[in-house]
Every structure is written in structure tokens, then in C-alpha cells.
Amino acid sequence: MNAAARARILLVDDEPAQRRGLARALVRDFDVLTAEDGPAALGLLATTRVEVVLLDLAMPRMGGAEVLEHIKARFPTVEVVVMAGHSEVEAAVAAVRAGAYAFVMKPVDPEAALATAIERAIERRRLVARARALEERVGEHEQLGEVITSSAAMQEAYRKALGVAALAAPILLIGERGTGRELVARAVHRRGPRAGARFVAVDCSALPGPRAEDDLFDGDRDPAPDGHAGAGLVEAADKGTLFLEEVSALSLAAQARLLRVLTHGEIARAGGEPRRVDVRVIASTCADLRERAAAGQFREDLLYRLGVILVELPPLRRRREDIALLASHYLNRYVRAHGRDVRRIGPEAARLLREHAWPGNARELESAIEHAVISARGEAILPADLPPSVSGRAGPERRPPRDALVLPAQLCELPYAEAKERAVDAFDQIYVRRLLQRTGNNLSEAARQAGMDRSNFRRLKKKIAARGDEESTQEAQEAQEAQEAQEAQEAQADRQPGTLAAADAGAGPDGDDAG
């Protein structure tokens, strides 16, 4: 009853006694309205929000089939459950084909079949409404070409970036790959005064090492047929926006020339006059530039210049409310692209999507949905349609991780209780260690992914640490005891007659007994 708590239903039945009896039984779980015939029901629907209509098929003034037809034509979001006698089975089946959600047979048991049918109808209506709302929001974002998000953290980052769109100051976007850095950069470009000029996107990590500097600042050294040398990528973005993805990959020489572009607005050329350039630079990185600067791998002055406006984009695992929104967006995109008849994501598949860690962020989610759209055999995406990395099922080439828990043969030689205890201890250690590695030692996020309270997870972590200390202490104690036993054994041997040590100690210089 929880899913349908206080939903409003309309009971339409021309028999007063049955109408009152059903209403009394259903009012415990639903807000119940009643109508004695079809015209009264249609009048109520025109003025009152109703989620489900419980409709008697056999009514004299306006038959149930006719009422159903009017409801589906005028109020298509309202679900209908029809009630039919045993002689009306064919009519009930026809009603379902005409749009009714389900039918129940009279005499009706409100505690069982009827309540279940109503609850499922309400659940379906709400799922459809939620999907429609997601589609509308996705459509709005697609029309505006904006980042698709309902996360407060992502919206705040987006607002911060767009808030400086009208300025010429550089922006540094920090976030993992797949978090939408280029989408944010393009949105800033579109919202600013340079929208009419070019947006040039460059993945610095993909530039060939020896030619990276030339590609950015010099272009083709050899003149083209018209006698002019080709411009570099920076100059190609003149009057527009230059997006440098993974700026940390630039060489120190390229960093020096980029700094000159930012501070003086010119491209220095060896043995020639510098060229003036007016370009707005937006850079992104998933690396810690301060660490790289401390290690001498990134210019500190360039870091300060690029980071005039710093925007951090959270990963998808920290904004799980966006997963359903993005999944719906990608579903619509790839259904159109591949001409598939897939309409929705099934509840179990949706649960798997919500629970996955998404180390590849939105790009991984997009790939997973495209895979599922292509693999699906029905109108709904099922868990089997998702990639093995998301569904958890073993693929044909899938291997266990290196530290997967394997039952050692030695355990099988121990009593069951002791073997089980040791196996559980090993599982706890491996599970907690890998979870903390995946979440960057974020205790709250690790507890959330483990489905545990933070305090319980912390206690488990301390228990594992304490267990490790005990094992280390026990090993040291055992080693100490072994050493002491060995020393005692040697001392005992020294005291026994007839040993080499005793003979040597008791012999005189001539080999005779001393006494």
C-alpha cells in the first residue's frame, strides 16, 4: 500500500450497496470518490485530479465500454480498472485491449485482487508520469544545448561557469573525464559575446608529443599553395574560444607559450614578429596541477593564470540523482539513432544503473545505454541487456580481479567453524579495502555504496584494523615464544652429561678429568 498511499481513485458503479461497500473497504488506503453512472464520473474527472478509475462494465445509462472510451479520449493519463461478471469476460478482455489497465471479476474482494490491481495501476501511472517529466526536462535541455542535470552540486558549478560567460578571463574546469567539461565550456561560449566566433576544442593529451607545440602555436611550417603558412590551433580560435582539454599534458615549452598568449595576447615566433591573438581560454584537467607544479611538471605562474576562475565538476557517483535523467536522454538519442523500438528502462535495470559506481562517469553511462538499446529484444531494457560491467554477470572473457577471494586449500583442512571465520575475515578486509580505494577513502561515500550507516561502516573498518593489529601482535608473540623455547632447549642441552659442551667444560689440559 505504500506506493499508492493516499492516491485518489474514482469508483463508478450503479448499484448503491456495492458502491458503498467497496468505498468503505478502499477508503483505508485511498482517497475514494464515487459516481453512480458514466456522465457523473466524466463530470468529476473534468474538475478533479484522479489517478485510477474503478469502473463497472454493466451499467444501464452509459455502458462501461463507452465510459472507458470517453476517459481514454479526454483523460489519457488516468488508469482504468474494470469490474466484470463471469458472463462479461469477453467484454473485459476487449476493455483491456481498448486501454484499460486490468480487469477483476465479480464478486470483488477489495482486500486482495482489487486492491492489488489498483496499486499496480497507480504505480504504472506514476512511472509513466515520471518518464514523461524526464523526457520534457531532457527536451528542454537538448533544445538549449545545455548540461543535463538535476544535481544541486552540478547546477551550482554550471551557474558559476555561466556567471562569467560575458568576461574574457580564463576558466579552469576540474573534474574527471566524462563529467561534462566540454559541454560546460561550449555552454559558456554560447552564452558569451564570442558566440558568433569559433569554438576550437583541443585534447592536449592526444596531440603528438614532438608536434604538439607546432600544432598549437605555429601550424604548418610549409606554405600552402597560396603562399601562406597554415595557422595553429590557437590562432584558429582568434576572436573565439579555445578549449584545452587535459591542459596538464602540455610540455613545459608549450606551457610557456600559452602563458604568453594569456598575459600578452600574442603568439611568439622564433626569428619573427609575434602575432596578436584575441582568444578566450577555457582549460580542463583531471590531474592535481598543484602537485604537478610542486614536482616541476607544470608552471606555477600558468596555474595561477588559468585558475582565475576555478570550477569543479562532481563525478556521477556523487550526483546519483542525475543517473535517471541522463539515462532517459541517452535512451531517446540511441533509439532514434538505431531505429529501435525500446521505450523504457525496466525497474531492475534502473536499479542496477543507480547502484553502479560509474568510474567513467556520463560517458560510461552513455555507452551502457547504447549497448542496452542495441541488445534489447523488447520494449523495455532488462538487466541482461546492460554490459557485464554494469549488470554484474560474467562475460565470456571476464576474469576475476587479482585480489578476488579464492578459497585456499589449507582452509579445507580446518574445522568448518574456524575455516568459515578465516574466510569471512579475509572477505571483510578485501571488500573494505577495495571500496575505500574506489571512493578515495571517503568514509561516507564508502558507507553509502556498502548500504551501511556511516557509524556501522566505521566500526567495521576499526574491527578489521584491530584484527590486523592482533594478528601482528600474535605473530610477534609466537616468534618470541619460539625464540625462548629454542634458548631453553639449548640451555637444557648444556646441562646434560655426555654432551660435547659438558666434556669440553670439564676436561683438563691433558684430557684427564679435572677432579
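Placed above this text is the structure.
Residues numbered from 1 in each chain as written. Predicted model: local features only at pLDDT ≥ 70, side-chain atom pairs only at ≥ 80, totals over all residues. Heavy atoms only, no water.

Looking at this structure, how should I read the nonpolar core?
If you look at soluble globular proteins, the nonpolar side chains tend to sit buried side by side. In this structure, V234 and L244 are the most contacted members of the largest nonpolar core, which totals 29 residues. Contributions of two or more residues to this core are made by β7 (199–203), α8 (212–218), β8 (241–245), α10 (252–264), β11 (280–285) and α12 (300–306). Take this core: its biggest share by element is five residues, from α10. Non-local contacts of V234, meaning those with residues more than four positions away in its chain, are made with L216, F217, L242, V261, I267, V277 and V279. Within the second largest apolar cluster, 25 residues are counted, among which are Y330, V342, L353 and A362. (Core = buried A, V, L, I, M, F, W, Y, C linked by side-chain atoms within 4.5 Å. Buried < 20%, exposed > 50% of the residue type's maximum accessible area, 1.4 Å probe, protein only. Helix = DSSP H or I, 4+ residues; strand = E, 2+ residues; numbered from the N terminus. Contact = heavy atoms within 4.5 Å.)

Teacher, can you tell me more about the pairing of β8 here?
In regular strands, side chains alternate between the two faces of the sheet. Most of β8 is tucked away, with five of its five residues classed as buried. Side chains of β8 alternate between two faces, with T241, F243 and E245 and L242 and L244 buried alike. Across five bridges, β7 lies against β8 in parallel orientation. By the bridge assignment, D203 is partnered in β8 with E245. Direction of pairing for β8 relative to β11: parallel, over a ladder of four bridges. Paired with F243 across the bridge in β11 is I282. (Pairing = 2+ DSSP bridges.)

Before we go on, may I ask you to explain helix α7 (residues 181–191) in this structure?
Because each turn of an α-helix spans 3.6 residues, side chains separated by three or four positions in sequence point in the same direction. If you check which residues of α7 are buried, you get R181, V184, A185, A187, V188 and H189. For α7, the elements touching its buried residues are α6 (152–163), β6 (171–174), β7, β8 and β11.

How should I be thinking about the packing of aromatic side chains in this particular structure?
Here a ring pair, both rings aromatic, is described through the centre-centre distance and the interplanar angle of the planes. This structure, assessed with the given rule, holds two aromatic pairs. Ring geometry for F199 against F243: centres 6.3 Å apart, planes inclined by 20 degrees, an arrangement best described as stacked. You can see F199 sitting in strand β7 and its partner F243 sitting in strand β8, a full 44 residues away along the chain. F243 carries the same exposure label as F199, and that label is buried. (Phe/Tyr/Trp six-rings, centres within 6.5 Å; stacked < 30°, edge-to-face > 60°.)

Could you clarify how one ought to interpret unusual backbone geometry in this entry?
Glycine aside, the phi torsion of most residues is negative, and most peptide linkages are trans. Positive phi is not limited to glycine here, since K239 has a value of about 75 degrees. Summarising the element assignment, K239 is placed in the loop between α9 (233–236) and β8. Relative accessible area serves as the criterion here: at 49%, K239 is assigned to the partly exposed category. Of note in the backbone geometry, E246 takes a positive phi value of approximately 55 degrees without being a glycine. As for its placement among the helices and strands, E246 is situated in the loop between β8 and α10.

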